[in-house]
Amino acid sequence: MLLFRVRKQIIPKLTDEQQHTLKVTKEHLSTAGISIPVFINTLRTLDEKGYLVAVSIFEEKFHSEVQKFFSEEKYPEILKQIETVDTKELSEKLKVGIVEALEKKTPANHELDRVGLMNEEITLTSLLNDAHAVLADHTPEDISTIILMPFRSIERLLEKMNNGMKFDEIQDAGIWYDPAKYLFYISDEKPISTFYNEKPNKEHFTLTALMCGAEENRIDYIDIPEFDDTKTKETEKKSYRDALNRFIRKHPKLSEIFTVHSDHLEIHKEFLEHTH
């Protein structure tokens, strides 16, 4: 975190990619009083939670291998060999692998642009050149190269932990609905279920429809795909209104976020920018 703050203050200003790429050395760990095993294991935990991606090289025999691979003598030769097999088919496989890896790290309150990523021109050569830009100056003093992910804030993580929260208790910021798990999240609050009697309810259908409209702060009941047209409109609208009112009475925190109307559910505009 200290390295990240330093990089944000560098003049001239670094790009986002440069700011979020950190190189941690033995000297950094020694100064901080952190052992290498504790550091590596902590990185692995943060990696699994999607806070960062880390490449750690702490065994002495691998330092020379990395230096040799990216050396001025060896790297151009390796690149030429790679270019001979760098086909479109391989590129597609690489992109699928990248998308699948990112999907595992993307939290429920973010939507990954899978189509956009698949349309990117990504080749094995371009990936190697990206790695070269980061690792070409690797030395035996370097322990980890870290890329901070854009999904979760480590500053917020530290703030919550300094206030006494345990790591596993900390949820992502904002409010969002996970329709696959029937859970509505409000930052660090316990998630609220919309699944009763082994089936989703009207709250689930309403929240799913509302959260799909990224710029809308309301959803009309008749626009919910599950709205039952076989019943009279007023009867069906009343059933949604009554269900949502019961839902909010059961979870009073929701009254700060939503207002139930006779024909639609409204999310208060001050919360709209925090929804996912």
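Residues numbered from 1 in each chain as written. Predicted model: local features only at pLDDT ≥ 70, side-chain atom pairs only at ≥ 80, totals over all residues. Heavy atoms only, no water.

**Quick notes on the nonpolar core**
Then comes step 1: The biggest cluster of nonpolar side chains holds 23 residues, and the ones touching the most others in it are Phe-184, Ile-186, Tyr-221, Leu-254, Ile-257, Phe-258 and Leu-265.
Then comes step 2: Breaking this core down by element, the ones donating at least two residues are β4 (175-178), β5 (183-186), α11 (202-212), α12 (233-250), β10 (258-260) and β11 (264-267).
Then comes step 3: The contacts of Ile-257, once residues within four sequence positions are left out, are Ile-175, Phe-184, Ile-186, Glu-266, Ile-267, His-268 and Phe-271.
Then comes step 4: Core analysis: the second largest hydrophobic core is formed by 17 residues, Phe-4, Leu-46, Leu-52 and Ile-170 among them. (Core = buried A, V, L, I, M, F, W, Y, C linked by side-chain atoms within 4.5 Å. Buried < 20%, exposed > 50% of the residue type's maximum accessible area, 1.4 Å probe, protein only. Helix = DSSP H or I, 4+ residues; strand = E, 2+ residues; numbered from the N terminus. Contact = heavy atoms within 4.5 Å.)

**Description of the environment of Glu-141**
Then comes step 1: By secondary structure assignment, the location of Glu-141 is in the loop between α9 (124-135) and β3 (142-148).
Then comes step 2: Exposure remark for Glu-141: the relative accessible area of 43% places this residue in the partly exposed category.
Then comes step 3: Apart from the residues lying within four places of it in its own chain, the contact partners of Glu-141 are Val-24, Thr-25 and Lys-26.

**A look at the sheet that holds strand β1 (residues 21-25)**
Then comes step 1: Spatially, 3 strands are ordered β1-β3-β2 in an open sheet, and the strand pairing comes out antiparallel. Taken across any chain shown, the strands that pair with only one partner, and hence form the sheet edges, are β1 and β2 (52-56). In this sheet, adjacent strand axes meet at a mean angle of 20° when their direction is disregarded.
Then comes step 2: Where β1 meets β3, 5 bridges bridge the pair, whose relative direction is antiparallel. Of the residues in β3, the one forming a bridge with Lys-23 is Thr-145. (Pairing = 2+ DSSP bridges. Axes fitted to C-alpha atoms, helices over the stretch in contact; angles between N-to-C directions.)

**Structural notes on the packing of α11 against α12**
Then comes step 1: For the pair α11 and α12, interaxial distance at closest approach is 9 Å and the crossing angle is 95°. By the angle class used here, α11 and α12 are roughly perpendicular. Contacts between α11 and α12 pair Lys-202, Glu-203, Phe-205, Thr-206 and Leu-207 from the former with Glu-236, Ser-239, Tyr-240, Ala-243, Leu-244 and Phe-247 from the latter.
Then comes step 2: Split by residue class, the contact of α11 with α12 holds 6 nonpolar, 2 polar and 3 charged. (Parallel < 35°, antiparallel > 145°, perpendicular 65-115°, else oblique. Nonpolar A, V, L, I, M, F, W, Y, C, P; charged D, E, K, R; others polar.)

**Some words on the sheet that holds strand β6 (residues 192-193)**
Then comes step 1: Taken in spatial order, the 3 strands make up an open sheet running β4-β5-β6, and their pairing is antiparallel. Each edge of the open sheet is held by one strand with a lone partner, namely β4 and β6.
Then comes step 2: The pairing of β5 with β6 spans 2 bridges and is antiparallel. Among the inter-strand pairings, Leu-183 is bridged to a residue of β6, identified as Ser-193.

**A look at the packing of helix α6 (residues 75-83) against α9**
Then comes step 1: In the contact formed by α6 and α9, the axes pass within 9 Å of each other and the chain directions differ by 160°. Taken together, the axes of α6 and α9 lie roughly antiparallel to each other. Where α6 crosses over α9, the handedness of that crossing is right-handed. Note on element contacts: α9 touches α6 through Leu-124, Thr-125, Leu-128, Asn-129 and His-132, opposite Tyr-75, Leu-79, Ile-82 and Glu-83.
Then comes step 2: In the contact of α6 with α9, the residues fall into 5 nonpolar, 3 polar and 1 charged. (Left-handed = near helix turned anticlockwise from the far one by under 90°.)

**Brief notes about the pairing of β5**
Then comes step 1: Every second residue of β5 is oriented toward a common face, with Leu-183 and Tyr-185 on one face and Phe-184 and Ile-186 on the other, all of them buried.
Then comes step 2: Sheet topology places β4 next to β5; 4 bridges connect them, and they run antiparallel. Of the residues in β5, the one forming a bridge with Trp-176 is Tyr-185.
Then comes step 3: Linkage of β4 to β5, two consecutive antiparallel strands, is achieved through a turn of 4 residues, within which Tyr-182 is found at a positive phi near 60°.
Then comes step 4: Hairpin connection from β5 to β6: 5 residues lie between these consecutive antiparallel strands, with Ser-187 at a positive phi of about 45°.

**Digging into a negative patch on the surface**
Then comes step 1: Judged by side-chain charge, Glu-111, Asp-113, Glu-120 and Glu-121 come together as a negatively charged surface patch.
Then comes step 2: The topology assignment puts Asp-113 in the loop between α7 (88-105) and α8 (114-118). (Patch = residues over 30% accessible without salt bridge, like charges linked within 9 Å, V, L, I, M, F, W, Y side chains within 5 Å. Areas by Shrake-Rupley, 256 points an atom, 1.4 Å probe, with all protein chains shown as cover. Salt bridge = Lys/Arg side-chain N within 4 Å of Asp/Glu carboxyl O. Lys, Arg positive; Asp, Glu negative; His and termini not counted. Charge placed at Lys NZ, Arg CZ, Asp CG, Glu CD.)

**Brief notes about empty space enclosed by the protein**
Then comes step 1: Summed over the entire model, instances satisfying the criterion amount to 1 cavity of 30 Å³ or more.
Then comes step 2: Here the largest cavity is characterised by a volume of approximately 40 Å³.
Then comes step 3: If you go around the largest cavity, the residues you meet are Leu-207, Leu-244, Phe-247, Ile-248, Phe-258 and Leu-265. (1 Å grid on protein atoms, 1.4 Å probe; cavity = no way out; pocket = protein on both sides within 12 Å on 5 of 7 lines; lining within 4 Å. Points joined across faces, edges and corners; volume = space filled by probe spheres on them.)

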